[in-house]
Each structure stands twice: as structure tokens, then as C-alpha cells.
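Listed below, chain by chain, are the residues.
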Amino acid sequence: MTMNMNICNIVNLGDMIYATLECNGRRLASVNGSDFVSLDAVKRALLDIAGRYAGMAVLTVRNCTQGWRDVTALATMRRPIVDAQPVTAATPRMGNQYLIPWVS
């Protein structure tokens with residue numbers, strides 16, 4: 001018995017698709033529908049819904065019309081955006097150098 005490792009999962013417009021994106025046991029996004037034109041379009045939709053996350057995610061796409069399922073691991077370094085800390089009067093700065101108020 002041989003396994004064909006070059007299986008191409010194709011998504012056609014009108015195929016019934018169920019897809020999820022999970023990270024650390026938590027479902028970040030899911031989509032269901034028949035208006036996807038490619039597997040990449042399904043993956044992009046899931047990533048757009050999921051937003052920012054960090055770690056290893058499992059992407060599962062099921063094409064009910066054609067009868068296949070694709071499970072892919074997706075590692076990402078998408079970190080949450082950290083708000084910049086405001087500069088306070090206690091630490092005046094000009095450019096890249098700190099100013100010492102009692103010396104100037």
C-alpha cells in the first residue's frame with residue numbers, strides 16, 4: 001500500500017465548507033458557507049476573524065461536497081499590540097537622550 005503525499009484539496013465556488021481555527025484548545029474562529037473560491041480564501045477568512053494570537057494553531061477545513069478534510073498546523077508570532085506608554089514629566093526626554101533637569 002502506498003500513500004499519495006501530493007493530494008491537492010481543491011475548493012470550488014459552491015462547495016459546502018466547514019472550517020475552524022483553534023489555538024491552545026480554544027476555538028478562535030469558524031466559518032461555514034459555500035461562497036469560497038479557494039482553500040487560501042478559507043484560510044484568510046479564518047485568520048481575519050481570529051485576529052491577533054500567538055502560538056501553534058490547528059486549522060481544519062472540511063469540504064462536504066467533495067468529501068475531504070484538511071488539517072494543518074499553523075505557527076504564528078502574531079503578538080498583541082502593546083499601547084505605547086506615555087512620557088511623564090518625571091522623565092523628560094529630547095530625542096534619544098535623557099535630560100537631567102538639575103544639570104541643564
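So, a few notes on the structure that sits alongside this text. Please read all numbers here as calculations on a predicted model, not as lab measurements.

Reading the values: rules and limits
Within each chain, residue numbers correspond to sequence positions counted from 1 in written order. In view of the model being predicted, local features appear only for residues whose pLDDT reaches at least 70, and side-chain atom pairs are presented and counted only at 80 or more, with totals across whole chains, interfaces and linings using the full set of residues. For side-chain calculations, the full set of non-hydrogen atoms in the structure is used, while hydrogens and water are omitted. Buried Ala, Val, Leu, Ile, Met, Phe, Trp, Tyr and Cys residues form a nonpolar core when they are joined through side-chain atoms within 4.5 Å. The buried label goes to any residue with under 20% of its type's maximum accessible area, the exposed label to any with over 50%, and the partly exposed label to all in between, with areas taken from a 1.4 Å probe on protein chains only. Note on conventions: DSSP H or I runs of at least 4 residues are helices, E runs of at least 2 residues are strands, and numbering of each starts at the N terminus. The contact criterion used throughout is that any non-hydrogen atoms of two residues lie within 4.5 Å. Between any two strands, at least two bridges found by DSSP are needed for them to pair. Salt bridges, as used here, are contacts in which a Lys or Arg side-chain nitrogen is within 4 Å of a carboxyl oxygen on Asp or Glu. Lines fitted to C-alpha atoms define the axes, with helix axes restricted to the stretch in contact, and inter-axis angles between N-to-C directions lie between 0 and 180 degrees.

Comments concerning the nonpolar core
Among the nonpolar cores identified, the biggest contains 19 residues, and Leu21, Val42, Leu46 and Val61 are the most heavily contacted of them. Only β1 (17-23), β2 (26-33), α1 (39-50) and β3 (55-63) provide two or more residues apiece to this core. Beyond its immediate sequence surroundings of up to four residues, Leu21 is in contact with Arg26, Arg27, Leu28, Ala29, Leu46, Leu47, Ala50, Tyr53, Ala57, Val58, Leu59 and Leu74.

What about unusual backbone geometry?
Of note, the phi angle at Asn24 is positive, near 55 degrees, even though the residue is not glycine. Structurally, Asn24 can be placed in the loop between β1 and β2. Overall, Asn24 belongs to the exposed group, its relative accessible area being 71%.

Here we look at the pairing of β1
With respect to burial, β1 is a largely interior element, five of its seven residues being buried. One ladder, built from seven bridges, connects β1 with β2; its direction is antiparallel. Bridge assignment links Tyr18 to a residue of β2, and that residue is Asn32. Linking β1 to β2, which pair antiparallel, is a turn of two residues; within it Asn24 sits at a positive phi near 55 degrees. Note that β1 and β3 share seven bridges and pair antiparallel. Bridge pairing in β3 links Glu22 to Val58.

Section: the pairing of strand β4 (residues 68-76)
Two elements, β3 and β4, share nine bridges in a ladder whose sense is antiparallel. The partner of Asn63 across the bridge, within β4, is Trp68. Joining the antiparallel neighbours β3 and β4 is a turn of four residues, in which Gly67 adopts a positive phi near 85 degrees.

Thoughts on the pattern of salt bridges
By the definition in use, this model includes one salt bridge. Between Glu22 and Arg27 there is a salt bridge; the shortest N-O distance is 3.6 Å. Its relative accessible area of 52% is what places Arg27 among the exposed residues.

Some points on the environment of Gly14
With respect to the secondary-structure elements, Gly14 resides in the segment before β1. Among the residues examined, Gly14 registers a relative accessible area of 46% and is labelled partly exposed. Expressed as a C-alpha distance, the spacing of Gly14 and Val37, which sit 23 residues apart in the sequence, is 8.1 Å. Setting aside chain neighbours within four positions, we find Gly14 in contact with Ser34 and Thr65.

Points about the sheet that holds β2
Pairing is antiparallel in the open sheet, where four strands are placed in the order β2-β1-β3-β4. If you trace the sheet from one side to the other, it starts and ends with β2 and β4, each paired once. Across the sheet, the mean angle from the axis of one strand to that of its neighbour is 15 degrees, orientation sign disregarded. Those strands touched by α1 are β1, β2, β3 and β4, and its axis lies near 135 degrees from that of β2.

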